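# Summary of the model geometry
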Amino acid sequence: MAVDQIRRLYESMAAKLDQARTRFGRPLTLAEKILVSHADNFAAQEWSRGKAQLRLRVDRVALQDATGQMALLQFMQAGKKQVAVPSTVHCDHLIRAQSGASDDMKRAVTENNEVYSFLHSASRKYGIGFWKPGAGIIHQVILENYAFPGGLMIGADSHTPNAGGLGMVAIGVGGADCGEAMAGLAWEVLDPRLIGVRLTGKLSGWTSAKDVITYLLGVLTVKGGTNKIVEYFGPGAESISATGKGTICNMGAELGATTSLFHFDDRMATYLAATDRADIAKVAQQYREHLVGDPEVLADPKKYYDEVVEIDLSELEPHIVGPHSPDRARPISKLAAEVKKEGWPVQIKAALIGSCTNSSYEDMKRSAHVAMQALKAGLKAKTPFLVTPGSERIYQTIKRDGIMETFEKIGGTVLANACGPCIGQWKRSDVGKEETNTIVSSFNRNFPGRNDGSAATLSFLTSPEIVTALVFAGSLEFDPVHGTLQGPDGKAFRFTPPESEELPAKGFAKGEEGFEAPAADGDAVQVVVSPTSERIQLLQPFPRWDGKDFAELPVLVKTKGKTTTDHISPAGTWLLVRGHLDKISDNMFLGASNAFTGEVGKGTNPITGEQGQNFSKMARELKAKGLSWAVVGDENYGEGSSREHAAMSPRYLGCKVVIVRSFARIHETNLKKQGILPLTFSKPTDYDLVGPGDRVSVTGLAQLTPGKPVTVVLTKPDGKTVSIQCLHTLTDEQIGWFKAGSALNALK
Ligand code: MIC
Ligand code: SF4
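Residues numbered from 1 in each chain as written. Chains lettered and ligands numbered in written order. Predicted model: local features only at pLDDT ≥ 70, side-chain atom pairs only at ≥ 80, totals over all residues. Heavy atoms only, no water.

## Focus: unusual backbone geometry
Just so we agree on the cut-off: Strands are runs of DSSP state E lasting at least 2 residues, helices are runs of H or I lasting at least 4, and numbering of each runs from the N terminus. A 1.4 Å probe rolled over the protein chains alone gives each residue an accessible area, and that area as a share of the maximum for its type sets the label: buried under 20%, exposed over 50%, partly exposed in between.
Cis rather than trans, the peptide bond between Gly322 and Pro323 has omega equal to -5 degrees. Topologically, Pro323 is positioned in the loop between strand E12 (319–321) and strand E13 (329–331). Although it is not a glycine, Glu552 sits at a positive phi angle of roughly 45 degrees. With respect to the secondary-structure elements, Glu552 resides in strand E22 (residues 550–558). With relative accessibility at 44%, the residue Glu552 sits in the partly exposed group. Not every positive phi belongs to a glycine, and Phe589 is a case in point at roughly 60 degrees.

## Concerning the state of the cysteines
We apply this condition: The definition used for a disulfide is geometric: two cysteine sulfur atoms within 2.5 Å.
What the rule picks out here adds up to zero disulfides. In this structure Cys655 is not part of a disulfide, and its nearest cysteine sulfur, from Cys726, lies 14 Å away.

## As for the site of ligand 1
Stated precisely, the cut-off is as follows: Whether a residue is near a molecule or strand is decided by its heavy atoms; if any one of them lies within 4 Å of it, the residue is near. Between N or O atoms, a polar contact is any pair within 3.5 Å; within protein, one atom must be a potential hydrogen donor and the other a potential acceptor, and residues adjacent in sequence are included only when both atoms are from side chains. Only the protein chains shown count as cover for residues, with accessible areas throughout obtained via the Shrake-Rupley method and a probe of 1.4 Å.
Residues in contact with ligand 1 amount to 14 residues; listed here are only the nearest, Asp157, Ser158, Arg445, Arg450 and Arg643. Separating an oxygen atom of ligand 1 from a side-chain N or O atom of Arg578 is a distance of 2.8 Å. Relative to its unbound accessible area of 330 Å², ligand 1 is 97% covered by the protein chains.

## Notes on the layout of surface pockets
The condition is simple: Lining residues are defined by having an atom within 4 Å of a point belonging to a cavity or pocket. Those points lie on a 1 Å grid over the protein atoms alone, cavities being sets where a 1.4 Å probe fits but cannot get out and pockets being open sets with protein on both sides within 12 Å along at least five of seven lines. Grid points are joined across faces, edges and corners, and a volume is the space filled by probe spheres set on the points. Under the scheme applied here, ten amino acids are nonpolar (Ala, Val, Leu, Ile, Met, Phe, Trp, Tyr, Cys and Pro), four are charged (Asp, Glu, Lys and Arg), and all others, including Gly, are polar.
Counted as a void, the largest pocket has a volume near 1000 Å³. Surrounding the largest pocket, 44 residues form its lining, Lys433, Gly449, Gly453, Ser454 and Ala455 being those nearest its centre. Counted by class, the lining of the largest pocket contains 14 nonpolar, 17 polar and 13 charged residues. Here the second largest pocket defines a volume of roughly 770 Å³.

## Description of the environment of Leu747
Formally: Here, two residues are considered to be in contact whenever any of their heavy atoms come within 4.5 Å of each other.
As for its position among the elements, Leu747 is in helix H24 (residues 743–747). The exposure class of Leu747 is partly exposed, given its relative accessible area of 34%. For Leu747 and Gln77, which are 670 residues apart along the polypeptide, the C-alpha to C-alpha distance reads 9.8 Å. When neighbours within four sequence positions are excluded, Leu747 is seen to be in contact with Ala78, Glu180 and Leu185.

## Digging into the sheet that holds strand E2 (residues 60–64)
The following threshold applies: Pairs of strands are assigned from DSSP output, requiring at least two bridges between the strands. To get an axis, a line is fitted to the C-alpha atoms, and for a helix only the part in contact is used. The angle between two axes follows their N-to-C directions and goes from 0 to 180 degrees.
Within the open sheet, the six strands sit side by side as E6-E5-E2-E3-E4-E21. Their pairing is mixed. Unpaired on one side and paired on the other, strand E6 (169–172) and strand E21 (515–516) mark the two borders of the sheet. Pairing of E2 with strand E3 (residues 87–90), which is carried by four bridges, proceeds in the parallel orientation. Bridging across to E3, Gln64 finds its partner in His90. Along the sheet, helix H3 (residues 68–77) makes contact with E2 and E3, crossing E2 at roughly 125 degrees.

## What about the pairing of strand E17 (residues 437–441)?
For E17, the buried fraction is high: five of the five residues fall into the buried class. Pairing between E17 and strand E18 (residues 457–461): five bridges, direction parallel. Looking across to E18, one finds that Asn437 is bridged to Thr457.

## Topic: the environment of Ala2
Looking at the secondary structure, you find Ala2 in the segment before helix H1 (3–24). Residues Ala2 and Ile280, 278 residues apart in the sequence, show an inter-C-alpha distance of 8.6 Å.

## Focus: the packing of H3 against helix H5 (residues 113–126)
To keep things clear, this is the line we draw: Orientation labels follow simple angle bins: below 35 degrees gives roughly parallel, above 145 gives roughly antiparallel, 65 to 115 gives roughly perpendicular, and whatever is left gives oblique. Note on convention: near helix rotated counterclockwise from far helix by under a right angle means a left-handed crossing. Clockwise means right-handed.
Between H3 and H5, the least distance of the axes is 11 Å, while the angle of their chain directions is 45 degrees. One finds that H3 runs oblique with respect to H5. Here H3 runs over H5; the crossing is left-handed. In this structure, H3 uses Gly68, Gln69, Leu72, Leu73, Phe75 and Met76 to contact H5, whose residues at the interface are Val115, Phe118, Leu119, Ala122 and Tyr126. Here the residues of the contact of H3 with H5 are counted per class, giving nine nonpolar, two polar and no charged.

## A short note on the packing of aromatic side chains
Put simply, the test is: Pairs were defined over the aromatic rings of Phe, Tyr and Trp, the Trp ring being its six-membered one, requiring ring centres within 6.5 Å. Orientation was assigned from the angle between planes: stacked under 30 degrees, edge-to-face over 60, tilted for the rest. Only when the NZ of Lys or the CZ of Arg is both within 6 Å of the ring centre and within 35 degrees of the ring normal is a charge said to sit over the ring.
Counting across every chain of the model gives 19 aromatic pairs. Aromatic side chains Phe681 and Tyr687 sit 6.4 Å apart centroid to centroid with 85 degrees between the ring planes, which places their arrangement in the edge-to-face category. Of the two residues, Phe681 and Tyr687, neither departs from the other in class, the shared state being buried. A connected cluster of aromatic rings, assembled from ring pairs, spans Trp206, Phe472, Phe493 and Phe495. Above the plane of the ring of Phe42 lies Arg23, whose end atom (NZ or CZ) is 5.1 Å from the centre. A cation over an aromatic ring shows up here: Arg60 above the ring of Tyr146, its NZ or CZ 3.9 Å from the ring centre.

Following this line, the structure appears as structure tokens:
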């Protein structure tokens, strides 16, 4: 957004915030200030944390090439000529990491030509900025170019909150939400509860921003942030760079949080200036009072936040989390004992740094500082080392400043500025498919199968500097803070804590930044989709609700334990068909654990009784017979990615209702948007009542009312029935989506 638009937003805030202080009868937190100043209609809006549905006007929409395909396909159905809010598309997810940046880029451009042409032509036509493949990862590019204090943004990617590092409310959503906001509609979200994180002390030594969030994950767990905003403040916040703040907010997605953000400070101003936005820094300084919490809130946070967590940065130890879940946290000093106890493979097979989470200049420089020490001491890398820079700017700068050379000297491979190994786009040949092995990275996710497509890979997440130190030990039992390694001279070698300036002294180097502005005359541009495309399929509207209750639906799958969107709709090679609903639906539930049989990705055919069948194949058979089906799930169902394929594929293959112990926020909304009924057991233990061969009936659908439970009847194989109560969070409008068959149908 141009600086005068931002100034206008800030100017308009004073009156709105006063109105809110009067109405709420109290001072405001920063998150509230931003939400209030983006209300579609403040006066008509109900405000009630955890209850009200907020209608907001967003400043910006961000799309990436994997989820963005569906977002644009849905936007196109709305029949608008141009997007109503500034929007950008970023080509980052589809680039496979195989043999290094330059070859990988060439391959990606050929391989994904069809998808890039579609995204490029649609961007040109509808007034969307286009960031070419190689330009960088969405969140890093947004931080460098678009994020600003006090703004409100949505993005079709769960790590959109990265922009909270610059004091923005930036929220990850499904593509349908983006499509609607781009079409000019107000955007809706549940009024979030607020977690205040008060930081004291100072980051120093080995401890980095990453440790704030990996520690917090251990405290709050992957469910702890659901429908909540995490707001960071306090005297310790100033000791964290803007990009470090970005890391913390980025990984707030792993808490399930709606978003995370920091109060505006000088570190943000410095970063804005270093990224050519000194003018924005200046206005933000001028309106600082609107871009931080009110003084009363800072003085007595417990009174204004629903929960408060205190972290003393001076006491915080470096942490490492994993395997398989980002909340399995402990200080690095405690890892060795756990490795022994659990029998995890000690040898580290690969070490990776970078990604959207940790690829700032500071991250790279601190890692290089560690690598330099090892080189000087004559240590050799014991583990392959892969680096993914977050953007072209970072890439060019680390190249100019000799950081890349250091990485190369330790045998590192610099990959393209893209998601690559973070999203299963990593072709590994060093371990067998089922071989249990250990990897460490500075990324944000570590679900089974996440990096290399193999569920046998145990992935641990920590800061980039710790990852780099581990390269020289090759062992998961090494603690770089307290431990020593043996140098070539036989003497013990101990690392000193990493050091780096926060920003490049010579400023950022610039390369081919890779931005393309939309066409001046969009009408003249044709969106390129070949009718025979194997990658893009134009969407057909889903059928309307037929007005009938759901009668005795077979349960296609009852999942047990963690069911992330990576379990429901895996990424990796499936990214190739993210724009093709029919084809991608072949991956449905491939990673899900079957509660009845213990199998992964397979189950028993509810009609024929055949065992070991693939879920998508079974669903297609049911669909061909005109039968619909249900899904039963566990806690925090749909955790992780914003990919709406995890809702669209079930919908497309005949799913009517998903009943779980609890939902992750984005996925629950995605189900609603696509016309599937999301229910939760009113008694979580009722999950155990659902047995093999049960049928599910849902009654009273015509009377579906906000806040009123619905009755679900389980019909057992012997004909006996059990009746249970389930809850839903549908609003009147969302009930309209359900009846219309999808939010998009309701819109038309
Ligand atoms: C992720 O980190 O899981 C992704 C890949 O960026 C996803 C988006 C996607 O599935 O395309 C996300 O976080 O939303
Ligand atoms: Fe890409 Fe990984 Fe970041 Fe998702 S988390 S945007 S896949 S780098």
